[in-house]
Number of protein chains: 2
Amino acid sequence: MSATIIDGKALADQLSMALKKEVAALKEKGTTPGLVVLLVGDNQASQVYVRNKEKRAQELGIHSIVERLPADISETELLERVAFYNQHQEYHGILVQLPLPKHINEEKIILAIDPKKDVDGFHPINMGKLLIGKPDALPCTPYGIMKMLEAYDVEIAGKQAVVIGRSNIVGKPMAQLLLMKDATVTITHSKTQNLAELAKTADILVAAIGQGHFVTKDFVKPGAVVIDVGMNHDENGKLIGDVKFDEVKEIASMITPVPRGVGPMTITMLMAQTVDHAKRTLNP
Amino acid sequence: MSATIIDGKALADQLSMALKKEVAALKEKGTTPGLVVLLVGDNQASQVYVRNKEKRAQELGIHSIVERLPADISETELLERVAFYNQHQEYHGILVQLPLPKHINEEKIILAIDPKKDVDGFHPINMGKLLIGKPDALPCTPYGIMKMLEAYDVEIAGKQAVVIGRSNIVGKPMAQLLLMKDATVTITHSKTQNLAELAKTADILVAAIGQGHFVTKDFVKPGAVVIDVGMNHDENGKLIGDVKFDEVKEIASMITPVPRGVGPMTITMLMAQTVDHAKRTLNP
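Reading the values: the criteria
- Residues numbered from 1 in each chain as written.
- Chains lettered and ligands numbered in written order.
- Predicted model: local features only at pLDDT ≥ 70, side-chain atom pairs only at ≥ 80, totals over all residues.
- Heavy atoms only, no water.
- Least-squares fit on C-alpha atoms with pLDDT ≥ 70 in both.
- Contact = heavy atoms within 4.5 Å.
- UniProt positions renumbered as here; feature names shortened; annotations may be inferred.
- Helix = DSSP H or I, 4+ residues; strand = E, 2+ residues; numbered from the N terminus.
- Buried area = accessible area lost by both parts, 1.4 Å probe.
- Salt bridge = Lys/Arg side-chain N within 4 Å of Asp/Glu carboxyl O.
- Polar contact = N/O pair within 3.5 Å; in protein donor to acceptor, adjacent residues only side chain to side chain.
- Nonpolar A, V, L, I, M, F, W, Y, C, P; charged D, E, K, R; others polar.
- Pairing = 2+ DSSP bridges.
- Axes fitted to C-alpha atoms, helices over the stretch in contact; angles between N-to-C directions.
- Parallel < 35°, antiparallel > 145°, perpendicular 65-115°, else oblique.
- Left-handed = near helix turned anticlockwise from the far one by under 90°.
- Phe/Tyr/Trp six-rings, centres within 6.5 Å; stacked < 30°, edge-to-face > 60°.
- Buried < 20%, exposed > 50% of the residue type's maximum accessible area, 1.4 Å probe, protein only.

Section: the relation of the copies chain B and chain A
Between chain B and chain A, which share one sequence, the superposing operator has a rotation angle of 180 degrees and an axial displacement of 0.0 Å; the RMSD is 0.0 Å. Those values place the two copies in the arrangement expected of a two-fold rotation axis. In this assembly, 100% of the residues forming the interface of chain B have copies in chain A that are likewise at the interface, indicating an isologous arrangement.

Looking at the UniProt feature "domain: Tetrahydrofolate dehydrogenase/cyclohydrolase NAD(P)-binding" (unreviewed entry) in chain A
As recorded in UniProt, the sites labelled "domain: Tetrahydrofolate dehydrogenase/cyclohydrolase NAD(P)-binding" (unreviewed entry) are residues 139-280 of chain A. Secondary structure across residues 139-280 of chain A comprises 35% helix and 17% strand; the distance between its end C-alpha atoms is 19 Å.

Concerning the interface of chain B and chain A
On the chain A side, the residues contacting the 32 residues of chain B number 32 residues. Across the chain B to chain A interface the summed buried area is about 2,900 Å²; carbon plus sulfur atoms make up 59%. The interface formed by chain B and chain A holds six salt bridges in total. Residue Asp182(B) is joined to Lys191(A) by a salt bridge in which the shortest nitrogen-to-oxygen separation is 3.2 Å. One can count 19 residue pairs in polar contact (both at pLDDT 80 or more) joining chain B with chain A. Elements with a minimum of two residues in the side of chain B that touches chain A: helix H4 (106-112), helix H5 (124-131), helix H7 (171-180) and strand E6 (184-188) of chain B. At seven residues, the largest contribution of residues to the side of chain B that touches chain A is made by H5(B). For the side of chain B that touches chain A, the per-class residue count stands at 12 nonpolar, 13 polar and seven charged. Relative to E6(B), strand E6 (residues 184-188) of chain A runs antiparallel, the two being bridged by three bridges. Bridging from a neighbouring strand, Val185(A) pairs with Ile187(B) of E6(B).

Re the packing of helix H1 (residues 8-28) of chain A against helix H10 (residues 262-282) of chain A
Angle between the axes and distance between the axes are the two parameters that describe a pair of packed helices. Residues and elements named next belong to chain A. Put simply, H1 and H10 touch, their axes get as near as 9 Å, and they point 20 degrees apart. Between H1 and H10, the angle is such that the two are roughly parallel. When the axes of H1 and H10 are compared, the crossing they make is left-handed. In this structure, H1 contributes Gly8, Lys9, Leu11, Ala12, Leu15, Ser16, Leu19, Glu22, Val23 and Leu26 to the contact, and H10 contributes Pro264, Met265, Thr268, Met269, Met271, Ala272, Val275, Ala278, Lys279 and Leu282.

What to know about the packing of aromatic side chains
Residue and element names in this part refer to chain B. Summed over all chains, the structure comprises six aromatic pairs over all chains. For the ring pair Tyr85 and Tyr91, a centre distance of 5.4 Å and an interplane angle of 85 degrees mean the geometry is edge-to-face. With relative accessibility at 4%, the residue Tyr85 sits in the buried group. Of the residues examined, Tyr91 reaches a relative accessible area of 5% and is grouped as buried.

Written out as structure tokens, the structure is:
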């Protein structure tokens, strides 16, 4: 039997509709949620991501600007821009698009963002709140995945979850969120031995490796829920996930496709956090 | 064959000797490492812990004071005491002994401690730095365990580690530290199913449950390294660990005893972090 396809696009659209209403309601109260994206240099992928964020924000009625800064901007100057927006009341969310040029210390920049305006959830204090189980702003990809699991009534408590990949923006926060919902969580990575065997113990398998079609059916327990975070391009330039969708969908109980899976949810949670931050300025 | 006993007491003594020399050298440069412990109310266990910390600090030449505060102190007054010591140049470490009385918000107090004076590693920003793999101050128990594994040349990279317990002060930071050293890490807890079976996959098993003799030989793979964080009392009031030492030591390759295992290391790492913080005021 073929798996249920978790439709991230449809869920993102549904959440966006609700967000649009919230934004309208906030505007009536005199507050327009504002998001500023700082884009340094001309990384091609970043340009695309930023354009998508801007477009989505506009669709929802969020006031959004992109400040484009030259690739040779100094760390001090970038810190000054962050400080400027920390103070600026019109912007409830500040997003510094990563990666930054090599001469700039990313951690230092992220640390400079007012945690209350951190919509990426990457500020160490927000990471720390997540680790102690009292989350505030969350990294958007794992946050979106939790929303998908919730929308599709996936049971998490007591289940075995395996996360493949230990990045700061997906793998590690993902593990913490699953743990908070009482899953038994295993974090695996490039140094893990018997990865397929371990993955096969998972009731919930999250693939965030960044290698196209890495997860074959040999990694998947029949009936597992499989979440594919990958955004890779095959030899023909086609967007593919970390999971070999066609064969895995035959044994999984649920699976996210690529595209129209995790991707649309990530950007939606970014908008949701911007709106949340704006709401808090009304009810601090 | 019986396991090697990991002698936490001997290792702690050895580290303490080195610390004592560091303290003496700092004093010659005009800086005496200072530690202030804020003790609210008269919790019996806390009294004992605090006395042990004070005693150890004095042995090492660390300037240490305990400020005893009444159980009915207000949150605001306690925050004022923290703020006072944040400013006070004589104290490089501030430790607020937990638990606090119920009318005080522990998180709020911990958040008020200057992260640079946080010697418990509980400040969310220090927790966040740990989660992103750039740790600063660390929770002392998992820090001490990593030192023990290092001292006994336990191979961690690529090994299977299982942590039983997901507290903020032991289980969760422990998992992050093992992950940083490239272990494949599983965090288990009260909602975990087949706990014994899972624990038996571990090359490194850390028991931090708080239930005397919970981990029997059925939880342990022959040849595993077993770390016992438990401090429980049996029906006769005798101090026992979470691990059934007598039977587990027959199959483990290495094991920590209770007492003289993890306990002495925890307090030593607290002193080490106090000294580190003092050093940094010299070389910021």
